[in-house]
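The lines below spell out each chain.
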Amino acid sequence: MAASSVLVLVEHAAGTLNKATADLLTAARGLGEPIAVLLDTPDADEALIAELGKLGVDAVLRLRHPRVAKYVATPAAKALAHLVAQRQPAAVLVAATADGKEIAGRLAVLTESGLLTDVTDLNSEGAAVQEIFAGSTIVRSHVTVGTPIYAVRTGAISPDAITPQPTTPTVEEFTVDFSTDGVSHTLEDAQILEEVVEPKGSRPDLADAAVVVAGGRGVGSAAGFELLEQFADALGGAVGASRAATDGGLYPHQFQVGQTGKTVSPQLYIACGISGAIQHRAGMQTAHTIVVINSDPNSPIFEIADFGIVGDLHTVIPQALVALRERAGH
Amino acid sequence: MSGPLNVVVLVKQVPDSGAPRSLSATDATVDRESGDLVVNEMDEYAIEEALRLTKDRGGQVTLLTMGPVQAAQSIRKALQMGADAAVHITDEALHGSCAVKTSLVLAAALRTLEWDLVICGAESTDGQLAVLPAMLSQRLGIPALTGARKLAIDDSVDGAAETASAGCVGRIERQTETGYQLVQAELPAIVSVWDTINEPRYPTFRDIMAAKSKPISTLCLADLGIASSDVGAAGATSRVDEAVPRPPRQAGVIVEGDERAGTKLVEFLATRRLV
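Now for a description of the structure that goes with this document. What you see is a predicted model; the values in this text were computed from it and never measured. (Residues numbered from 1 in each chain as written. Chains lettered and ligands numbered in written order. Predicted model: local features only at pLDDT ≥ 70, side-chain atom pairs only at ≥ 80, totals over all residues.)

**Considerations on the overall build of chain B**
Move 1: For chain B, the helix and strand inventory stands at eight helices and 13 strands.
Move 2: Projected onto its principal axes, the C-alpha coordinates of chain B cover approximately 70 × 45 × 40 Å.
Move 3: Counting across all 275 residues of chain B, residues that qualify as buried make up 48%.
Move 4: Within chain B, contacts between residues separated by at least 24 positions form 72% of all contacts whose residues are at least 6 apart in sequence. (Helix = DSSP H or I, 4+ residues; strand = E, 2+ residues; numbered from the N terminus. Buried ≥ 20, exposed ≤ 12 C-beta atoms within 10 Å, placed from the backbone. Contact = placed C-beta atoms within 7 Å.)

**Examining the environment of Met-66 of chain B**
Residue and element names in this part refer to chain B.
Move 1: On the secondary structure map, Met-66 appears in strand β4 (residues 61–66).
Move 2: Assessed through the 22 C-beta atoms surrounding it within 10 Å, Met-66 is described here as buried.
Move 3: Sequence separation between Met-66 and Glu-256 is 190 residues; the distance between their C-alpha atoms is 50 Å.
Move 4: Excluding anything up to four places from it in sequence, Met-66 contacts Ile-89, Leu-94, Thr-102, Val-105 and Leu-106.

**Looking at the pairing of strand β12 (residues 191–197) of chain A**
Move 1: Buried residues are scarce in β12 of chain A, accounting for zero of its seven residues.
Move 2: Pairing of β12 of chain A with strand β9 (residues 179–186) of chain B involves six bridges; the strand directions are antiparallel. In the sheet register, Val-197 of chain A faces β9 of chain B, and the bridge partner there is Gly-179 of chain B. (Pairing = 2+ DSSP bridges.)

**A closer look at helix α9 (residues 313–329) of chain A**
Move 1: For α9 of chain A, which comprises 17 residues, the first-to-last C-alpha distance of 24 Å matches the rise-based estimate of 24 Å (1.5 Å per residue) to within 8%.
Move 2: Listing the buried residues of α9 of chain A in full gives Leu-313, Val-316, Ile-317, Ala-320, Ala-323 and Leu-324 of chain A. For α9 of chain A, the buried positions fall inside an angular range of 120° around the axis, keeping them on one side. Turned more than 90 degrees from where α9 of chain A packs its buried face, Arg-325, Glu-326 and Gly-329 of chain A sit exposed.
Move 3: On the buried face of α9 of chain A, the contacting elements are α6 (222–235), β15 (268–272), β16 (289–294) and β17 (307–310) of chain A together with α8 (261–271) of chain B. (Expected span 1.5 Å × (residues − 1). Arc of directions from axis to C-beta.)

**What to know about the interface of chain B and chain A**
How large an interface is tends to be reported as the accessible area lost when its parts come together.
Move 1: At the junction of the two partners, chain B supplies 63 residues and chain A supplies 75 residues.
Move 2: Elements with a minimum of two residues in the side of chain B that touches chain A: α3 (99–111), α4 (132–140), β7 (144–154), β9, β12 (238–245), β13 (253–256) and α8 of chain B.
Move 3: Top element by residues in the side of chain B that touches chain A is β12 of chain B. It accounts for eight residues.
Move 4: Across the side of chain B that touches chain A, the residue classes break down as 31 nonpolar, 21 polar and eleven charged.
Move 5: Examined bridge by bridge, β17 of chain A and β13 of chain B share four bridges and lie parallel to one another. (Nonpolar A, V, L, I, M, F, W, Y, C, P; charged D, E, K, R; others polar.)

**A word on unusual backbone geometry**
Move 1: Pro-188 of chain B follows Leu-187 of chain B through a cis peptide bond whose omega is 0°.
Move 2: For Pro-188 of chain B, the location among the structural elements is in the loop between β9 and β10 (189–193).
Move 3: Even without a glycine there, the phi angle at Ala-14 of chain A is positive, about 50°.
Move 4: Its location among the elements puts Ala-14 of chain A in the loop between β2 (12–13) and β3 (16–17).
Move 5: A positive phi angle, close to 50°, is found at Glu-112 of chain A, a residue other than glycine.
Move 6: The exposure class assigned to Glu-112 of chain A is exposed, which follows from the 12 C-beta atoms found within 10 Å.

**Some thoughts on the environment of Ser-213 of chain B**
Move 1: Considering the arrangement of structural elements, one finds Ser-213 of chain B in the loop between α5 (205–211) and β11 (216–219).
Move 2: Expressed as a C-alpha distance, the spacing of Ser-213 of chain B and Leu-269 of chain B, which sit 56 residues apart in the sequence, is 61 Å.

**Notes on the sheet that holds strand β6 (residues 91–95) of chain A**
Move 1: Spatial ordering of the open sheet is given by β11(A)-β5(A)-β4(A)-β1(A)-β6(A)-β10(A)-β7(A)-β8(A)-β9(A)-β12(B), a layout of ten strands whose pairing is mixed. At either end of the open sheet lies a strand with only one pairing partner, and these are β11 (170–173) of chain A together with β12 of chain B. Within the sheet, the average angular offset between the axes of one strand and its neighbour, ignoring direction, is 35°.
Move 2: As judged from the five bridges shared by strand β8 (residues 128–132) of chain A and strand β9 (residues 137–143) of chain A, these two strands associate in the antiparallel manner. In the strand pairing of β9 of chain A, Ala-128 of chain A is matched with Ser-141 of chain A. (Axes fitted to C-alpha atoms, helices over the stretch in contact; angles between N-to-C directions.)

**Topic: helix α5 (residues 98–111) of chain A**
Along an α-helix, a turn takes 3.6 residues, which lines up residues three or four apart on a common side.
All names here are of chain A.
Move 1: Its 14 residues give α5 an end-to-end C-alpha distance of 20 Å, which sits within 8% of 20 Å, the value for a rise of 1.5 Å per residue.
Move 2: Here α5 lies mainly inside the structure; 14 of its 14 residues are buried.
Move 3: A positive backbone phi angle near 50° is found at Glu-112, which sits one or two residues after α5.

**Points about the sheet that holds strand β13 (residues 211–215) of chain A**
Move 1: Taken together, the six strands give an open sheet; going across it, the order is β14(A)-β13(A)-β15(A)-β16(A)-β17(A)-β13(B), and neighbouring strands pair in parallel fashion. For this open sheet the edge positions go to β14 (238–241) of chain A together with β13 of chain B, each flanked by a neighbour on one side alone. For this sheet, the mean angle separating the axes of adjacent strands, direction not counted, is 15°.
Move 2: Examined bridge by bridge, β13 of chain A and β15 of chain A share five bridges and lie parallel to one another.

**Some details on the packing of helix α4 (residues 74–87) of chain A against α5 of chain A**
Residues and elements named next belong to chain A.
Move 1: Axis separation between α4 and α5 bottoms out at 9 Å; the angle between their running directions is 40°. The pairing of α4 with α5 is recorded here as oblique in orientation. Once α4 is placed against α5, the crossing between them reads as right-handed. Residues Thr-74, Ala-76, Ala-77, Leu-80, Ala-81 and Val-84 of α4 pack against Ile-103, Arg-106, Leu-107, Leu-110 and Thr-111 of α5.
Move 2: Broken down by class, the residue content of the contact of α4 with α5 amounts to eight nonpolar, two polar and one charged. (Parallel < 35°, antiparallel > 145°, perpendicular 65-115°, else oblique. Left-handed = near helix turned anticlockwise from the far one by under 90°.)

In structure tokens, the structure reads:
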């Protein structure tokens, strides 16, 4: 059978590609020939096409429409449903972000297809790996109905063994009649009135930081978190917090790591004063190296530590900061 | 004056996320036998939001659950927060249903109820797919306001309307990676909420007693006109081939009562080329 096409929904914002796009393309190449689906506003320039070329994309299907930026998920779902009907791809890949999952859910209903979310790996047969129950169980599944839809957890896909050759993609424009989709006009649309970016300071984003220094109830106070911030800054990392810390008002909620917060997979995770409830481990146990600082030797988080210190973080961290400065001085 | 607002809250019974969980060895569905079963945590925030909205303007709050017979225990528990009634969709053929078919069943049940607003948790702690609100929006032809950390209902268009739905607008702060989006849609609509939206109440003794006599009606597949073969394991759109426990991490080095612990930490990081 000839190589079949795989639709990849391009992730981009403010005129640049998101990191997720490269991961999606890598995952798609295992299944077939990726076709990048680029949804953009009518005034969009050609910069994204060149960026896709650098990632080795041969074919781009582009829709330029004002609705794309105006409504949550619905324009993208309808555009993809249109392409699925027209092109009969082997699969559709989107990023497992809030938007991506919403698009995937809608597309599944529109195309009467199965979907798998938070996919961490895909094989050439379309079998998907997912980590469920706080990452404690690894599941392999496949879609049995329709055109398989995968919402891929970005950052989880291993990069291509061979760097793809840069290309000059062919760009095909397409249009979608948004008013006659066979469902009920445009009743599903929710309108985006305003996009508000909240100040986050100079630290890297928690979600894709290489180093995360996280604190729990054991940090004791909001002032205690200032020490963690210094530690994070010395390591070029982000600061995270357990639910106990955010619920207790020690650190802002948006930095929560765990089942109801963010899932992180950094090179280094330093858990300070965190006991390690299952819900917290859900958000960080795939970190490459885990360091634990906790005064309670019975804290379950020590079970997953590569390096654990039973001790007071208020003395351990200042000493580590001195040691880091000395290293930097050499 | 604003009209009353009838709200349906979607509630799911899940295994306690604070205890070890697994898939059933026989059919790879969520094991509901071995651990404690609780109301999905995020759903409590959805119930609280429904009670908050209906407190001033009036209207009914109805809980809707799909699940096995024993899910009735969790429905009764959820009713203690103050909802008026509950509907339990239960049918043996539903066992093993995928998200796509779950949304088919819930949409059919919602068509039998009267409501202006459906509220649910942004995701369940067991499946964590977070796709159901979008699927229901698509099936019911109503907008979805998803991932809300703040919700307001405005009677901006026609305040004299009989029902809240006519001319009413829902507006949310939709939580994003970098902040939030202000998103709006006309009612009827479905809203999904994060745990940042409110602080769920603890039921009082009086609430607990009152919940004992609240009506829970049941629906089966035949009531909804859905064939058994279209749902459950038979009608599922995806299949689990294999489920294995994550391999345990290798035990690491533990340092205790060491005055040089901070320095040793940096030395360890250096050996792993992390500093």
